[in-house]
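Structural characterization, general
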Amino acid sequence: MLIMAIRSVGVIGCGLMGGGIVQVTAQAGYSVLFAEASDELVKRGLGRLRDTLEGLTAKGKLEARAKDQALSRIAGTTRLEDLKACDLVIEAMTENQALKNETFAKLDRICPPGAVLATNTSSCNVTAMAAATKRPGQVVGMHFFNPVPLMKLVEVVRTILTDEAAVQTATEFVRAVGKVPVQAKDATAFIVNRLLVPYLLDAIRVYEGGLASLEDIDAAMKLGCGYPMGPFTLLDLVGLDTTMYVAEVMFEEFREPRYAPPPLLKRMVMAGHLGRKTGRGFYTYDAT
């Protein structure tokens, strides 16, 4: 089994997740090239990364030299073809299965034969992405958690087609960027969301049923279970639309009632009450 030495990394997408992956990869000493859909998005991504790293320096959490070195390792492009020299490409696009499959087929044609292709998906089918390529053994899931620079966990996901060498290459890369890998098989929602989403949906059902207030449910789970935040605070942080999307994918896969989004969640999403990002979810947030 030959574990590939990763030198150059490509990331597709430089939004919330992609930008975080770019940041930790560059800070770990890798050259990283991210691809975005337009020049404006490339410019915006580079600006956010610079602001983030400069903010860490201003707070004394990152030395100025380390900041400059990390920034020197980052570049952006609008051409997927520019990823042709990357040893590892991590896709961090929107959760759209058809778009991801199409992108992996393109990457397969562009990237060198030994390159490992990874997806940061939390809910899409990794096997379908692998099957869209002529190198299915080199396709893995690499699910980082938000916010990427702070969260230590990465789920390394293998399909029934994945080679052991690709899994080990991805696992070693995860360790090299300062994260803790756990391995999972390609089954909907992997480990964390398979356990977390039903808990969040049950919390909504408990509230819908009038058993207790939002505040008391949150306090009960924090103090009774030692969780860092209650389910409704977490739902607002993750985004109610995101939670509903993952729940719908899980329900479609398993057809189990516990995965079905509760009526209240559906109606809040319809109303645009998505959580912190819109200023209102289960709680209301200051616009400032």
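Structure shown above.
Predicted, not measured: the structure shown is a model, and the values here were computed from it.

Digging into the overall build of the chain
Secondary structure assignment for the chain yields 11 helices and 8 strands. Taking 19 Å as the expected radius of gyration for a compact globule of 288 residues, we find that the chain reaches 20 Å, a close match to that expectation. Projected onto its principal axes, the C-alpha coordinates of the chain cover approximately 55 × 45 × 35 Å. For the chain, with 288 residues in total, the buried portion stands at 46%. Taking the intrachain contacts of the chain between residues at least 6 apart in sequence as the baseline, contacts between residues at least 24 apart amount to 67%. Accessible surface, the chain: about 14000 Å² in total, of which carbon and sulfur atoms supply 55%. Side-chain charges in the chain split into 32 positive and 31 negative, and the spacing between the mean points of these groups amounts to 3 Å.

A look at the side chain of T159
Along the polypeptide, T159 turns up in the loop between β7 (153-158) and α6 (164-176). Side-chain polar atoms of T159 contact the backbone nitrogen of L161, separated by 2.9 Å.

Observations regarding the sheet that holds β7
The sheet built from 8 strands is open, its strands ordered β3-β2-β1-β4-β5-β6-β7-β8 with mixed pairing. A strand with exactly one partner marks an edge of an open sheet, and here the two such strands are β3 (74-77) and β8 (180-185). Each neighbouring strand pair of the sheet contributes to a mean axis angle of 25°, computed without reference to strand direction. The sheet contact formed by strand β1 (residues 8-12) and strand β4 (residues 88-91) spans 4 bridges and is parallel.

Concerning the packing of aromatic side chains
Following the criterion strictly, the structure yields 6 aromatic pairs and no others. The interplanar angle of 90° and the centroid separation of 5.6 Å between the aromatic rings of Y199 and Y227 together place this pair among those described as edge-to-face. Placement of the pair is Y199 in helix α7 (residues 192-208) and Y227 in the loop between α8 (214-225) and α9 (231-238), with a sequence separation of 28 residues. Its relative accessible area of 36% is what places Y227 among the partly exposed residues. Here the aromatic residues Y207, F232 and F282 are joined through ring pairs into a cluster of three or more.

Quick notes on helix α2 (residues 39-58)
Between its first and last C-alpha atoms α2 spans 28 Å; for 20 residues at 1.5 Å apiece the expected length is 28 Å, and the two agree. The inward-facing, buried residues of α2 abut α1 (16-27), β2 (31-35), α3 (64-72) and β3. Following α2 by one or two positions, G60 adopts a phi angle in the positive range, close to 80°.

Quick look at α7
End to end, α7 covers 24 Å across 17 residues, agreeing with the expected 24 Å (1.5 Å per residue, within 8%). Inspection of α7 places N193, V197, P198, Y199, L200, L201, A203 and I204 among the buried residues, and these make up the whole buried set. Residues of α7 that are buried make contact with β6 (139-144), α8, α9, α10 (240-254) and α11 (263-270). In the segment just after α7, G210 is the residue with positive phi, at about 80°.

Quick notes on the pairing of strand β5 (residues 116-119)
Neither face of β5 is open: one carries V116 and A118, the other L117 and T119, and all of them are buried. Chirality of the crossover, the property in question, places the unit of β4, helix α4 (residues 97-110) and β5 among those that are right-handed. Inspection of the sheet shows β5 paired to β6 by 3 bridges, in the parallel sense. Paired with L117 across the strands is V139, a residue of β6.

With respect to the layout of surface pockets
If you add up the space inside the largest pocket, you get close to 1400 Å³. Taken together, 42 residues form the lining of the largest pocket, with M17, F145, N146, V238 and T242 sitting closest to its centre. Breaking the lining of the largest pocket down by element, the ones donating at least two residues are α1, β6, α7, α9 and α10. Here the lining of the largest pocket gets 6 residues from one element, more than from any other, and that element is α7. Across the lining of the largest pocket, the residue classes break down as 22 nonpolar, 14 polar and 6 charged. In this structure, the second largest pocket occupies an estimated 280 Å³ of space. Taken together, Q23, V24, Q27, T52, G55, L56, K59, K61, L62, P149 and L150 make up the lining of the second largest pocket.

Brief notes about the nonpolar core
Core analysis: the largest hydrophobic core is formed by 36 residues, its most contacted members being V9, F34, L88, I90, M142, F144 and F173. Not counting residues within four places of it along the chain, the set of residues in contact with I90 comprises V9, G10, V11, I12, I21, A118, N120, M142, F144 and F173. Ranked by size, the runner-up nonpolar core spans 25 residues in total, among them A189, L201, I204 and V269.

Rules used in this analysis
- Residues numbered from 1 in each chain as written.
- Predicted model: local features only at pLDDT ≥ 70, side-chain atom pairs only at ≥ 80, totals over all residues.
- Heavy atoms only, no water.
- Helix = DSSP H or I, 4+ residues; strand = E, 2+ residues; numbered from the N terminus.
- Rg over C-alpha atoms; globule rule 2.2 N^0.38 Å.
- Buried < 20%, exposed > 50% of the residue type's maximum accessible area, 1.4 Å probe, protein only.
- Contact = heavy atoms within 4.5 Å.
- Areas by Shrake-Rupley, 256 points an atom, 1.4 Å probe, with all protein chains shown as cover.
- Lys, Arg positive; Asp, Glu negative; His and termini not counted.
- Charge placed at Lys NZ, Arg CZ, Asp CG, Glu CD.
- Polar contact = N/O pair within 3.5 Å; in protein donor to acceptor, adjacent residues only side chain to side chain.
- Pairing = 2+ DSSP bridges.
- Axes fitted to C-alpha atoms, helices over the stretch in contact; angles between N-to-C directions.
- Phe/Tyr/Trp six-rings, centres within 6.5 Å; stacked < 30°, edge-to-face > 60°.
- Expected span 1.5 Å × (residues − 1).
- Right-handed = clockwise from strand over helix to strand, strands pointing away.
- 1 Å grid on protein atoms, 1.4 Å probe; cavity = no way out; pocket = protein on both sides within 12 Å on 5 of 7 lines; lining within 4 Å.
- Points joined across faces, edges and corners; volume = space filled by probe spheres on them.
- Nonpolar A, V, L, I, M, F, W, Y, C, P; charged D, E, K, R; others polar.
- Core = buried A, V, L, I, M, F, W, Y, C linked by side-chain atoms within 4.5 Å.

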